[in-house]
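Close look at the chain arrangement
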Amino acid sequence: MWSGEELDLDAYLARIGYDTERDGELVPDLRTLTALHRAHVRAVPFENLDVALGRPVPLDLKSLQAKLVERRRGGYCYEQNSLFAAALERIGFTVTARGARNRSRGAALPPVTHALLVVAVEGEQWLADVGFGWQGPLEPVPLRDGARVEQSGWTFGIVVEDEGIHVLRSLRPQGWADLYAFSPQTLYPGDFTVMNHYSSSHPQSRFLGQVVAQWPGEDERRALVRDRLSTVRTDGVVEERVVPADELIATLESRFGIELDDEERTGLERIHPARS
């Protein structure tokens, strides 16, 4: 389903820094899933730069490999989780997908636009999501009501609401905060295509017309939205600063590990909001 047979697995593992001699052989078990998930989010940043530049965002595996693996760019949820699903499928995992409503922005009721994965391991289902940006989990989360896991100082949990709606939550200093909610309905790559079309082209999409780059680190998490760079640590301390146009490219490259060509650098500087 995820074109795993087409994946250059060795190139993908090199991209995320996974060494089988050091990190263990690849078998469809929880240790492998956890190690790959953590390696992927550490190496591949969340970013919308092609959308910001007005480019199409193809989801076929050949295009994903060219962008995220060969060019060492990042991507947003459809790209990242499609690539991750292909790698997991190639190794022998059973992978399905879900569509979620983002709840991290308050009481608004947004459409279902986030894509995540569910992986079956040893008779249990695990939420795997390498594409939720700076608020996302570092490792898989057990998909059962009341689950709670701590990951390098960041705590995540699952609750189940009416109609079987699952909610991924994050524990903050002020208490639990919902990240997103999703139904048990299985989605397929074609559904990702439809959701991707909305996110990359609809006038109401939050990804249009602005730069977004995020990274869920272990010690701190970083987010750049338009010209504002935010960092948050495990103790809840948040720092923010404005990134002027002449620092944008250096910030994307040094703080998020995004490798850009000259055309991309010029285009991104052009759409950056001017600040005196």
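For the structure itself, look to the data block above.
What counts and how
- Residues numbered from 1 in each chain as written.
- Predicted model: local features only at pLDDT ≥ 70, side-chain atom pairs only at ≥ 80, totals over all residues.
- Heavy atoms only, no water.
- Pairing = 2+ DSSP bridges.
- Helix = DSSP H or I, 4+ residues; strand = E, 2+ residues; numbered from the N terminus.
- Contact = heavy atoms within 4.5 Å.
- Axes fitted to C-alpha atoms, helices over the stretch in contact; angles between N-to-C directions.
- Phe/Tyr/Trp six-rings, centres within 6.5 Å; stacked < 30°, edge-to-face > 60°.
- Buried < 20%, exposed > 50% of the residue type's maximum accessible area, 1.4 Å probe, protein only.
- Lys NZ or Arg CZ within 6 Å of the ring centre and 35° of its normal.
- Core = buried A, V, L, I, M, F, W, Y, C linked by side-chain atoms within 4.5 Å.

With that settled, consider the sheet that holds strand β8 (residues 166-172). In a beta sheet, neighbouring strands are held together by backbone hydrogen bonds and run either parallel or antiparallel to one another. If you walk across this open sheet you meet the eight strands as β5-β4-β3-β2-β9-β8-β7-β6, and the pairing is antiparallel. A single partner strand is all that each edge strand has here, and the edge strands are β5 (141-142) and β6 (148-151). Strands in contact with helix α6 (residues 77-91) are β2 (94-102), β3 (112-121) and β4 (124-128); relative to β3, the strand with the most contacts, it is inclined by about 15°. Packed on one face of the sheet, helix α7 (residues 189-201) meets β2 and β3 and runs near 145° to β3.

The next point concerns the packing of aromatic side chains. Within this structure, the stated rule accounts for seven aromatic pairs. A centroid spacing of 6.1 Å and a plane angle of 40° characterise the contact between F46 and F207, whose relative ring orientation is tilted. Placement of F46 in strand β1 (residues 46-47) and of F207 in the loop between α7 and β10 (212-216) is noted, with a sequence separation of 161 residues between them. By relative accessible area, which is 9% here, F46 ends up buried. Overall, F207 belongs to the buried group, its relative accessible area being 18%. Ring geometry for F132 versus Y180: centroids 4.8 Å apart, planes at 75°, classification edge-to-face. Highlighted residues: F132 in the loop between β4 and β5 and Y180 in strand β9 (residues 175-182), separated in sequence by 48 residues. Residue F132 shares its accessibility class with Y180, and that shared class is buried. Each member of the aromatic cluster is reached from another via a ring pair, and the members are W2, F46, Y76, Y78, F192 and F207. Positioned above the aromatic ring of W154, the side-chain terminus of R221 is 4.5 Å from the ring centre.

Grouped together as the largest cluster of nonpolar side chains are 65 residues, with contacts concentrated most on Y12, F84, L127 and Y180. If one sorts the elements of this core by residue count, α6 sits on top with nine residues. Leave out the neighbours within four places in its chain, and F84 touches Y12, L33, L36, H37, H40, L117, A128 and V130.

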